[in-house]
Amino acid sequence: MSEVILSIKNLSKSFGKRKAVDNLSFEIKEGEIFGFLGPNGAGKSTAIRSMLALIKPDEGDIAIFDKSVRKLKNSALEHVGALVERPDFYEYLSARRNLSLLAAMDNVSKKRVEEVLKIVGLADRGDDKVKAFSQGMKQRLGIAQALLSNPKLLILDEPTNGLDPRGMKEVRDLIRKLSQDGITILLSSHILHEVEQVCTSMAIINLGKLIKIGSVHDLLNESDSSITEIKAEPLEKVKKILESLNYISDIAESDGTFKIRIANKDLKHITRELIKADIDVSAIIPRTSLEDYFLSLTGDSI
Amino acid sequence: MLIKLIGNEIIKIFGKKRSLLGFLALAVLMPLIIWGFSKGATGVEQDFVRQLEGSFIIVGSVFNGFLVTYITMNFLWVHIPFLIMLVAGDVVAGEGASGTFRIILIRKISRFQILIAKLIATYLYTIIFIIFFAIMSLGLGSLWLGVGDLIVLDEGILILPQEMAWGRFALAFLFATYVMIVVATLCFMFSSMVNNGIGPIIGAMSIIIIGLAIANIPIDIFEKISPYIFTSYFDIWQKAFFDPIPWRDIGNDAIVLTSYILVFIIISIVQFIRKDIST
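About the criteria used
Residues numbered from 1 in each chain as written. Chains lettered and ligands numbered in written order. Predicted model: local features only at pLDDT ≥ 70, side-chain atom pairs only at ≥ 80, totals over all residues. Heavy atoms only, no water. Patch = residues over 30% accessible without salt bridge, like charges linked within 9 Å, V, L, I, M, F, W, Y side chains within 5 Å. Areas by Shrake-Rupley, 256 points an atom, 1.4 Å probe, with all protein chains shown as cover. Salt bridge = Lys/Arg side-chain N within 4 Å of Asp/Glu carboxyl O. Lys, Arg positive; Asp, Glu negative; His and termini not counted. Charge placed at Lys NZ, Arg CZ, Asp CG, Glu CD. Helix = DSSP H or I, 4+ residues; strand = E, 2+ residues; numbered from the N terminus. Pairing = 2+ DSSP bridges. Contact = heavy atoms within 4.5 Å. Axes fitted to C-alpha atoms, helices over the stretch in contact; angles between N-to-C directions. Buried area = accessible area lost by both parts, 1.4 Å probe. Nonpolar A, V, L, I, M, F, W, Y, C, P; charged D, E, K, R; others polar. Parallel < 35°, antiparallel > 145°, perpendicular 65-115°, else oblique. Left-handed = near helix turned anticlockwise from the far one by under 90°.

A.B. asks: Explanation requested: a negative patch on the surface in the structure shown.
C.D. replies: Together, A:Glu236, A:Glu243, A:Glu253 and A:Asp255 make up a region of like negative charge exposed at the surface. Structurally, A:Asp255 is set in the loop between strand E12 (248–254) and strand E13 (257–263).

Okay, here's the thing in structure tokens:
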């Protein structure tokens, strides 16, 4: 059985009258890429800031490697690297100098600075001042500083924010690679597709509360309805048949492809109905997505 | 580790342009003032001569590098504190404003250590700044205007011979540094409370101006509270030019100033350790 790396028990934090995190509990096990999913303002960042001792929770305990963050902050965070929200740096200093300052705090060598610059693909821009960096480069530098101390647990809060699709893919590939290297990762995101692609397990929170937790695979299978794509002709006839079936909802057509919402248990009937009506069916593709699942849990909050 | 942290803070402080503003201001202003005196400061000179001529026969100019330094040390009331506050006010709050607390406070270093490193770095900056002020005033003034006896007008007339003046100036700059450390600590305290670099400067400057008003306006109520206000001891550097040097007074002044420093530091630590980092 895998070791529990991070444990959160009954975490609560309020800002004034607003409860940002409400009795949140979950665990992350060694080797997981754990998705921490929720819409903007769900309480993800507050929970992460609590894990990293940036804010003090009103209630609850957080333990990392069995050490209480509240009581033993320094040793609890010894093997933790993190990127919290925006990657902010000393803009008037070079990337290399920024990392050197942080390396001194982590008690790691200058050689490690070069290693992490190489890992994130910034080795040739290390002497440039951070103020000259694009958002994507800053994001990569943010990941570099998180990797400085050779962490066993990496906490990444919205690491692909502000990146173009290529940058997002690079970061996701990097996360997978780091996981293969044995680093446990907590990936906070509001991008469902990202979590679906990268994570092995996940927790969904909304309004500060834990809504669901489990493996991504199990949670997707748990979903009782899905969006299904149908490619069939003639379009008018297909539409008429789909509209006549009372177990189908939300019918939309675009570029010759229908998208319908259908319960998983009814999926097997649809092929028979279309063939019976002499329709040329070229594809029926279930597109169960985390997004559907998420929406079913949180309503229209994303 | 503390040495490394202090090194980090020094790099950050001197990496910022605002930290060099004070040096630039002095580098421009002091030569201008000294040049002005060298070209003749008739009004000031007449004031001096008027007070001296009853007892002395004045031959030539009373101005030399020492006297100009003594006069410019009056910058220590407001101008030099302001330049020091530019850095002291930003050293903690600036990290909050720029969001960099999120990369330094998540490491295996305690907030206490980080704050102490910042405080020491602020003090080092203050010391370096006063040394630079000394070089630009006493050093440049002596080279430009020459040296001689120092005439000090306070409650009476005191003429310090040239060989004694150097030591007295060293003492005066030492006391001035201590006063500026109080100013830096006050501003540092405000800096540990907020997340912008301007608030601490305004806060500390307001307190100094109010404090100086209380210390200097001769109203009964002000005179009663004046001994308890640190700005009343801003003139401690002037006591280096008294004869004999009032060591007992200076010791008492230093105790009051040290008490303020300790109070400001304790408040800073408590504030910073309890602070939620939400930026």
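A.B. asks: Before we go on, may I ask you to explain a nonpolar patch on the surface in this structure?
C.D. replies: Residues and elements named next belong to chain B. Where nonpolar side chains cluster on the molecular surface, the patch consists of Leu21, Leu24, Val28, Leu32, Trp35 and Trp144 and spans about 620 Å² of accessible area. Top contributing element to the nonpolar patch by residue count: helix H2 (residues 17–38), with five residues. Here leucine 24 shows up in helix H2.

A.B. asks: Mind showing me how you'd approach the sheet that holds strand E4 (residues 59–64) of chain A here?
C.D. replies: What holds strands together in a sheet is hydrogen bonding between their backbones, with the strands either parallel or antiparallel. All names here are of chain A. Ordered by their spatial adjacency, four strands build an open sheet running E2-E1-E4-E5, and the pairing between neighbours is antiparallel. Unpaired on one side and paired on the other, strand E2 (18–29) and strand E5 (67–68) mark the two borders of the sheet. Two strands pair when backbone bridges link them, and E4 and E5 are joined in this way by two bridges, in the antiparallel orientation. Paired with alanine 63 across the two strands is serine 68, which belongs to E5. Across the sheet, helix H1 (residues 44–51) is in contact with strand E1 (4–15), E2 and E4; its angle to E1 comes to roughly 120°.

A.B. asks: Explain the interface of chain A and chain B here, please?
C.D. replies: Accessible area lost upon the coming together of the parts serves often as the stated size of an interface. Facing the 30 residues of chain A at the interface are 31 residues of chain B. Among the residues chain A hides against chain B, the three largest losses belong to A:Leu54, A:Tyr90 and A:Met105. Together they make up 24% of the total. Connecting chain A to chain B are three salt bridges. Residue A:Lys13 pairs with B:Asp276 through a salt bridge whose shortest N-O separation is 2.7 Å. Listed by contribution, the elements that provide at least two residues to the side of chain A that touches chain B are E1, helix H2 (73–76) and helix H3 (95–106) of chain A. Here the element with the most residues in the side of chain A that touches chain B is H3(A); it accounts for six residues. Along the lines of polarity and charge, the residues of the side of chain A that touches chain B split into 17 nonpolar, three polar and 10 charged.

A.B. asks: Which parts of the structure should I look at to understand the sheet that holds strand E9 (residues 201–206) of chain A?
C.D. replies: Residue and element names in this part refer to chain A. The mixed open sheet is built from six strands, whose spatial order is E6-E7-E8-E3-E9-E10. Edge strands, defined here as strands with exactly one partner in the open sheet, are strand E6 (80–83) and strand E10 (209–215). Along the sheet, successive strands turn relative to each other by an average axial angle of 15°, direction set aside. Of the strand pairs in this sheet, strand E3 (residues 33–37) and E9 are connected by four bridges, and their pairing is parallel. For glycine 35, the partnering residue across the bridge sits in E9 and is methionine 202. The strands that helix H6 (residues 165–180) touches are E3, strand E7 (153–157) and strand E8 (184–189); relative to E8, the one it contacts most, it runs at about 155°.

A.B. asks: I'm lost on the packing of H3(A) against helix H5 (residues 135–147) of chain A in this one. Help?
C.D. replies: Packed helix pairs are specified by the crossing angle of their axes together with the interaxial distance, meaning the distance between the axes. Residue and element names in this part refer to chain A. Close contact between H3 and H5 brings their axes to 10 Å; oriented N to C, the two are set at 25°. Looking at the two axes, H3 sits roughly parallel to H5. H3 and H5 meet at a crossing whose hand is right-handed. Only Leu141, Ala144 and Gln145 of H5 make contact with H3, whose side of the interface consists of Ala95, Leu99 and Leu102. Considering only residue class, the contact of H3 with H5 consists of five nonpolar, one polar and no charged.

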